[in-house]
Amino acid sequence: MTETELKNIISEENLVYSKTSVLLDNEMHYCPGCTHGVIHKVLAEVIDDMGIQEETIGVSPVGCSVLAYNYLDIDWQQAAHGRAPALATATIRLMPEKYVFTYQGDGDLASIGIAEIMHACNRGENIVVIFVNNAIYGMTGGQMAPTTLEGQVTATSPYGRDCEVTGFPMKISEIVSLLPGTRYVTRQSAETPAAVRKLKKAIRKGFENTRENKGISFIEVVATCSSGWKQTPVQANEWMKEHMFPYYPLGTLKDE
(Lines give C-alpha, C1' and ligand atoms only; values in the text may rest on other atoms or scores of the structure.)
Protein backbone atom coordinates (compact mmCIF):
# COMPACT_ATOMS: atom_id res chain seq x y z
CA MET A 1 0.00 0.00 0.00
CA THR A 2 1.36 3.38 -0.96
CA GLU A 3 1.50 6.36 1.39
CA THR A 4 -1.14 8.13 -0.73
CA GLU A 5 -3.52 5.17 -0.47
CA LEU A 6 -3.01 5.01 3.30
CA LYS A 7 -3.75 8.72 3.71
CA ASN A 8 -6.91 8.29 1.69
CA ILE A 9 -8.12 5.47 3.92
CA ILE A 10 -7.60 7.46 7.10
CA SER A 11 -8.94 10.72 5.69
CA GLU A 12 -11.65 12.53 7.63
CA GLU A 13 -14.53 11.49 5.37
CA ASN A 14 -13.64 7.82 5.97
CA LEU A 15 -13.30 8.21 9.72
CA VAL A 16 -15.48 5.69 11.55
CA TYR A 17 -14.42 6.35 15.15
CA SER A 18 -12.35 8.91 17.03
CA LYS A 19 -11.79 9.78 20.67
CA THR A 20 -14.18 12.39 22.01
CA SER A 21 -12.60 15.71 22.97
CA VAL A 22 -14.46 15.55 26.30
CA LEU A 23 -12.04 12.79 27.35
CA LEU A 24 -8.70 14.39 28.15
CA ASP A 25 -5.33 12.94 27.17
CA ASN A 26 -4.11 12.58 30.77
CA GLU A 27 -2.84 9.11 31.65
CA MET A 28 -5.34 7.42 33.95
CA HIS A 29 -4.16 6.18 37.34
CA TYR A 30 -6.48 3.16 37.44
CA CYS A 31 -5.16 -0.38 37.73
CA PRO A 32 -5.04 -2.56 34.58
CA GLY A 33 -8.47 -4.04 33.94
CA CYS A 34 -10.28 -1.50 36.08
CA THR A 35 -13.81 -0.72 34.90
CA HIS A 36 -13.59 2.98 35.79
CA GLY A 37 -11.71 3.86 32.60
CA VAL A 38 -14.39 2.30 30.41
CA ILE A 39 -17.16 4.09 32.29
CA HIS A 40 -15.31 7.41 31.96
CA LYS A 41 -15.02 6.88 28.22
CA VAL A 42 -18.72 6.09 27.83
CA LEU A 43 -19.72 9.04 29.99
CA ALA A 44 -17.54 11.41 27.94
CA GLU A 45 -19.03 10.11 24.70
CA VAL A 46 -22.60 10.65 25.94
CA ILE A 47 -21.82 14.22 26.99
CA ASP A 48 -20.22 14.87 23.60
CA ASP A 49 -23.03 13.21 21.62
CA MET A 50 -25.66 15.28 23.43
CA GLY A 51 -23.70 18.51 23.01
CA ILE A 52 -23.92 19.35 26.73
CA GLN A 53 -20.24 19.72 27.61
CA GLU A 54 -20.60 23.35 28.71
CA GLU A 55 -23.73 22.60 30.76
CA THR A 56 -22.55 19.48 32.62
CA ILE A 57 -21.26 19.46 36.19
CA GLY A 58 -19.80 16.32 37.75
CA VAL A 59 -19.42 15.66 41.46
CA SER A 60 -16.40 13.51 42.35
CA PRO A 61 -16.42 11.09 45.30
CA VAL A 62 -13.81 9.88 47.72
CA GLY A 63 -12.48 6.59 46.40
CA CYS A 64 -10.64 5.22 43.39
CA SER A 65 -12.37 7.74 41.09
CA VAL A 66 -11.54 10.74 43.29
CA LEU A 67 -9.40 12.11 40.42
CA ALA A 68 -12.13 11.80 37.78
CA TYR A 69 -11.86 15.54 37.17
CA ASN A 70 -8.47 14.91 35.57
CA TYR A 71 -10.03 12.88 32.78
CA LEU A 72 -13.22 14.60 31.64
CA ASP A 73 -13.15 18.16 30.33
CA ILE A 74 -16.23 19.46 32.15
CA ASP A 75 -16.90 21.44 35.30
CA TRP A 76 -16.35 19.41 38.47
CA GLN A 77 -16.88 19.70 42.19
CA GLN A 78 -15.21 17.61 44.88
CA ALA A 79 -17.45 16.32 47.65
CA ALA A 80 -16.52 15.07 51.10
CA HIS A 81 -16.74 11.31 51.57
CA GLY A 82 -20.28 10.16 50.78
CA ARG A 83 -21.71 13.65 50.41
CA ALA A 84 -21.87 13.84 46.61
CA PRO A 85 -25.71 13.65 46.44
CA ALA A 86 -26.00 16.53 48.92
CA LEU A 87 -23.59 18.68 46.90
CA ALA A 88 -25.35 17.72 43.68
CA THR A 89 -28.69 18.71 45.25
CA ALA A 90 -27.40 22.18 46.07
CA THR A 91 -25.92 22.54 42.58
CA ILE A 92 -29.03 21.58 40.63
CA ARG A 93 -31.27 23.73 42.82
CA LEU A 94 -29.05 26.76 42.28
CA MET A 95 -28.55 26.04 38.58
CA PRO A 96 -31.57 24.02 37.39
CA GLU A 97 -30.57 24.49 33.74
CA LYS A 98 -27.43 22.34 34.22
CA TYR A 99 -26.86 18.60 33.89
CA VAL A 100 -25.54 17.46 37.25
CA PHE A 101 -24.29 13.97 38.02
CA THR A 102 -22.51 12.18 40.85
CA TYR A 103 -19.94 9.46 40.24
CA GLN A 104 -19.60 7.19 43.28
CA GLY A 105 -18.26 3.82 44.36
CA ASP A 106 -19.93 1.35 46.69
CA GLY A 107 -17.96 2.45 49.74
CA ASP A 108 -18.66 6.13 49.12
CA LEU A 109 -22.35 5.73 48.26
CA ALA A 110 -23.52 2.65 50.15
CA SER A 111 -21.56 3.07 53.38
CA ILE A 112 -20.70 6.55 54.63
CA GLY A 113 -23.02 8.16 52.07
CA ILE A 114 -26.07 5.94 52.57
CA ALA A 115 -28.14 8.72 54.18
CA GLU A 116 -27.32 11.22 51.44
CA ILE A 117 -28.25 8.93 48.55
CA MET A 118 -31.45 7.68 50.18
CA HIS A 119 -32.76 11.16 50.89
CA ALA A 120 -31.72 12.51 47.47
CA CYS A 121 -33.57 9.61 45.82
CA ASN A 122 -36.58 10.07 48.06
CA ARG A 123 -36.74 13.78 47.22
CA GLY A 124 -36.39 13.04 43.51
CA GLU A 125 -33.62 15.53 42.84
CA ASN A 126 -33.14 16.17 39.10
CA ILE A 127 -29.68 14.58 38.89
CA VAL A 128 -27.96 11.49 37.51
CA VAL A 129 -26.20 9.09 39.88
CA ILE A 130 -23.56 6.72 38.49
CA PHE A 131 -22.91 4.05 41.10
CA VAL A 132 -19.90 1.80 40.51
CA ASN A 133 -20.28 -1.46 42.44
CA ASN A 134 -17.14 -3.61 42.60
CA ALA A 135 -18.03 -5.15 45.98
CA ILE A 136 -14.92 -3.88 47.75
CA TYR A 137 -13.06 -0.80 48.98
CA GLY A 138 -10.55 -0.59 46.16
CA MET A 139 -8.51 2.52 47.03
CA THR A 140 -7.78 1.92 50.70
CA GLY A 141 -6.62 -1.69 50.67
CA GLY A 142 -9.44 -3.98 49.63
CA GLN A 143 -11.61 -3.95 52.74
CA MET A 144 -15.14 -5.34 52.92
CA ALA A 145 -17.82 -2.99 51.58
CA PRO A 146 -21.60 -2.97 52.06
CA THR A 147 -21.88 -4.73 48.69
CA THR A 148 -19.27 -7.42 49.39
CA LEU A 149 -20.79 -10.84 48.68
CA GLU A 150 -21.41 -13.50 51.30
CA GLY A 151 -18.25 -15.55 51.71
CA GLN A 152 -16.15 -13.09 49.70
CA VAL A 153 -12.60 -12.73 50.95
CA THR A 154 -11.35 -9.19 51.58
CA ALA A 155 -8.67 -7.56 53.72
CA THR A 156 -11.14 -7.25 56.61
CA SER A 157 -12.95 -10.54 55.96
CA PRO A 158 -10.00 -12.91 55.38
CA TYR A 159 -12.20 -15.96 55.96
CA GLY A 160 -15.03 -14.63 53.80
CA ARG A 161 -17.90 -12.34 54.69
CA ASP A 162 -19.96 -13.80 57.53
CA CYS A 163 -23.46 -12.39 57.16
CA GLU A 164 -24.40 -13.40 60.71
CA VAL A 165 -21.76 -10.97 61.94
CA THR A 166 -21.70 -8.21 59.30
CA GLY A 167 -25.12 -8.38 57.69
CA PHE A 168 -25.98 -9.13 54.09
CA PRO A 169 -24.72 -7.50 50.87
CA MET A 170 -26.86 -4.45 50.13
CA LYS A 171 -28.82 -4.35 46.88
CA ILE A 172 -28.85 -0.58 46.57
CA SER A 173 -30.65 -0.41 43.22
CA GLU A 174 -33.50 -2.54 44.52
CA ILE A 175 -33.77 -0.33 47.60
CA VAL A 176 -33.82 3.01 45.77
CA SER A 177 -36.25 1.67 43.15
CA LEU A 178 -38.86 1.51 45.93
CA LEU A 179 -38.54 5.21 46.72
CA PRO A 180 -41.16 7.45 45.08
CA GLY A 181 -38.60 10.03 43.97
CA THR A 182 -36.64 7.75 41.61
CA ARG A 183 -37.71 7.79 37.97
CA TYR A 184 -35.11 5.54 36.37
CA VAL A 185 -33.14 2.77 38.10
CA THR A 186 -30.97 0.39 36.09
CA ARG A 187 -28.06 -1.98 36.65
CA GLN A 188 -25.54 -2.42 33.86
CA SER A 189 -21.96 -3.62 33.33
CA ALA A 190 -19.05 -2.90 30.98
CA GLU A 191 -17.16 -6.14 30.44
CA THR A 192 -18.06 -6.70 26.76
CA PRO A 193 -18.76 -4.43 23.75
CA ALA A 194 -22.46 -5.31 23.97
CA ALA A 195 -22.52 -4.41 27.67
CA VAL A 196 -20.77 -1.11 26.96
CA ARG A 197 -23.41 -0.22 24.37
CA LYS A 198 -26.18 -0.91 26.88
CA LEU A 199 -24.39 1.16 29.49
CA LYS A 200 -24.02 4.08 27.09
CA LYS A 201 -27.72 3.92 26.29
CA ALA A 202 -28.55 3.92 30.01
CA ILE A 203 -26.32 6.90 30.81
CA ARG A 204 -27.77 8.86 27.91
CA LYS A 205 -31.28 8.12 29.13
CA GLY A 206 -30.29 9.45 32.54
CA PHE A 207 -29.16 12.77 31.09
CA GLU A 208 -32.24 12.93 28.88
CA ASN A 209 -34.35 12.53 32.01
CA THR A 210 -32.51 15.50 33.52
CA ARG A 211 -33.26 17.55 30.39
CA GLU A 212 -36.94 16.68 30.75
CA ASN A 213 -36.85 17.47 34.49
CA LYS A 214 -38.05 13.98 35.38
CA GLY A 215 -36.05 13.63 38.59
CA ILE A 216 -33.31 11.30 39.69
CA SER A 217 -31.82 8.60 37.46
CA PHE A 218 -29.82 5.93 39.28
CA ILE A 219 -27.39 3.91 37.13
CA GLU A 220 -25.51 1.12 38.86
CA VAL A 221 -22.52 -0.41 37.07
CA VAL A 222 -21.40 -3.83 38.29
CA ALA A 223 -17.62 -3.61 37.98
CA THR A 224 -14.38 -5.44 38.68
CA CYS A 225 -11.46 -4.67 41.00
CA SER A 226 -8.53 -6.80 39.89
CA SER A 227 -6.22 -5.44 42.59
CA GLY A 228 -8.70 -5.77 45.44
CA TRP A 229 -9.84 -9.19 44.32
CA LYS A 230 -6.22 -10.34 43.76
CA GLN A 231 -7.02 -11.53 40.24
CA THR A 232 -5.94 -10.83 36.68
CA PRO A 233 -8.32 -8.68 34.60
CA VAL A 234 -9.53 -11.78 32.72
CA GLN A 235 -10.08 -13.71 35.94
CA ALA A 236 -11.89 -10.74 37.47
CA ASN A 237 -14.34 -10.54 34.57
CA GLU A 238 -15.10 -14.25 34.89
CA TRP A 239 -15.49 -14.01 38.67
CA MET A 240 -17.85 -11.07 38.26
CA LYS A 241 -20.04 -12.98 35.81
CA GLU A 242 -20.04 -16.11 37.95
CA HIS A 243 -20.59 -14.54 41.36
CA MET A 244 -21.77 -10.94 41.12
CA PHE A 245 -24.30 -11.13 38.29
CA PRO A 246 -26.46 -13.76 40.05
CA TYR A 247 -26.73 -11.57 43.16
CA TYR A 248 -26.77 -8.25 41.30
CA PRO A 249 -28.72 -9.14 38.13
CA LEU A 250 -28.42 -6.76 35.21
CA GLY A 251 -31.41 -4.92 33.82
CA THR A 252 -33.76 -2.02 34.42
CA LEU A 253 -35.65 -2.06 37.69
CA LYS A 254 -37.69 1.12 37.21
CA ASP A 255 -38.48 3.39 34.27
CA GLU A 256 -41.24 5.96 34.68
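The structure presented is a predicted model; accordingly, all values stated were derived computationally and were not measured. (Residues numbered from 1 in each chain as written. Predicted model: local features only at pLDDT ≥ 70, side-chain atom pairs only at ≥ 80, totals over all residues. Heavy atoms only, no water.)

### Some thoughts on the overall build of the protein
Along its length, the protein carries 10 helices and 7 strands. A globule of 256 residues ought to have a C-alpha radius of gyration of about 18 Å, and the protein, at 19 Å, matches this closely. By its C-alpha atoms, the protein is 70 × 45 × 30 Å across when sized along the principal axes. Across the 256 residues in the protein, those meeting the buried criterion constitute 49%. Long-range pairs, those at least 24 residues apart, make up 67% of the contacts in the protein between residues at least 6 apart in sequence. Here the protein displays about 12100 Å² of accessible surface, and carbon together with sulfur accounts for 55% of that area. (Helix = DSSP H or I, 4+ residues; strand = E, 2+ residues; numbered from the N terminus. Rg over C-alpha atoms; globule rule 2.2 N^0.38 Å. Buried < 20%, exposed > 50% of the residue type's maximum accessible area, 1.4 Å probe, protein only. Contact = heavy atoms within 4.5 Å. Areas by Shrake-Rupley, 256 points an atom, 1.4 Å probe, with all protein chains shown as cover.)

### Things to note about the pattern of salt bridges
Pairing between side chains becomes possible if they bear opposite charge and their charged atoms approach one another. Using the criterion set out here, one finds 14 salt bridges in the structure. Its salt-bridge partner being glutamate 125, residue arginine 93 comes within 2.6 Å of it at the nearest N-O pair. On the criterion of sequence distance, the pair formed by arginine 93 in helix α3 (residues 84-94) and glutamate 125 in the loop between α5 (114-123) and β4 (128-133) is long-range, its members being 32 residues apart. The exposed category is assigned to arginine 93, whose relative accessible area is 56%. With a relative accessible area of 5%, glutamate 125 lands in the buried category. For glutamate 208, the salt bridge identified is with arginine 204, shortest N-O distance 3.0 Å. Residue glutamate 208 and its partner arginine 204 are located together in helix α8 (residues 193-211), separated by 4 residues, close to a single helical turn. We classify glutamate 208 as partly exposed; its relative accessible area is 23%. In this structure arginine 204 comes out as partly exposed when scored by relative accessible area, which is 31%. Each member of the salt-bridge network shares a partner with another, and the members are Lys41, Glu45, Asp49 and Lys200. (Salt bridge = Lys/Arg side-chain N within 4 Å of Asp/Glu carboxyl O.)

### With respect to the environment of valine 196
Turning to its location among the elements, valine 196 is positioned in helix α8. Measuring from C-alpha to C-alpha, the distance between valine 196 and valine 62 comes to 25 Å, with 134 residues separating the pair along the chain. Ignoring anything within four residues of it in the chain, the contact list for valine 196 reads Val38, Val42, Ser189 and Ala190.

### Section: the packing of aromatic side chains
Given two aromatic rings, their pairing is described by the distance between the two centres and the angle made by the two planes. Summed over all chains, the structure comprises 7 aromatic pairs. A ring pair is formed by tryptophan 76 and phenylalanine 101, whose centres lie 5.5 Å apart and whose planes are at 75°; its orientation type is edge-to-face. Here tryptophan 76, found in strand β2 (residues 75-78), pairs with phenylalanine 101, found in strand β3 (residues 99-105); they are 25 residues apart in sequence, far enough to count as distant. Both residues of the pair, tryptophan 76 and phenylalanine 101, belong to the buried class. The interplanar angle of 55° and the centroid separation of 4.8 Å between the aromatic rings of tryptophan 229 and tryptophan 239 together place this pair among those described as tilted. Of this pair, tryptophan 229 sits in helix α9 (residues 226-229) while tryptophan 239 sits in helix α10 (residues 233-247); the two residues are 10 residues apart in sequence, bridging distant segments of the chain. Above the ring of tyrosine 247, the side-chain terminus of lysine 171 is found at 4.4 Å from the ring centroid. The ring of tyrosine 184 has lysine 205 lying over it, and the distance from NZ or CZ to the ring centre is 5.4 Å. (Phe/Tyr/Trp six-rings, centres within 6.5 Å; stacked < 30°, edge-to-face > 60°. Lys NZ or Arg CZ within 6 Å of the ring centre and 35° of its normal.)

### Quick look at a nonpolar patch on the surface
Taken together, the side chains of Met1, Leu6, Ile9 and Ile10 define a hydrophobic patch exposed on the protein surface, amounting to about 450 Å² of accessible area. As for its position among the elements, isoleucine 9 is in helix α1 (residues 3-9). For isoleucine 9, a relative accessible area of 45% puts it in the partly exposed group. (Patch = residues over 30% accessible without salt bridge, like charges linked within 9 Å, V, L, I, M, F, W, Y side chains within 5 Å.)

### As for α5
Considered for burial, the residues of α5 that qualify are Glu116, Ile117, Met118, Ala120 and Cys121. Elements in contact with the buried residues of α5: α3, α4 (106-112), β4, α7 (172-177), β5 (182-189) and β6 (216-222). Where α5 terminates, the next one or two residues include glycine 124, which has phi positive at roughly 75°.

### Some words on unusual backbone geometry
What you tend to see is this: most non-glycine residues have negative phi, and most peptide bonds are trans. For asparagine 213, which is not glycine, the phi dihedral falls at a positive 60°. With respect to the helices, strands and loops of the structure, asparagine 213 is situated in the loop between α8 and β6. A residue is classified by how much of its surface remains accessible, and asparagine 213, at 59% relative accessible area, is exposed.

### Digging into the environment of glutamate 45
Of note, glutamate 45 is situated in helix α2 (residues 36-50). In this view, glutamate 45 contacts Tyr17, Thr20 and Lys200; residues no more than four positions away in its chain are not counted.

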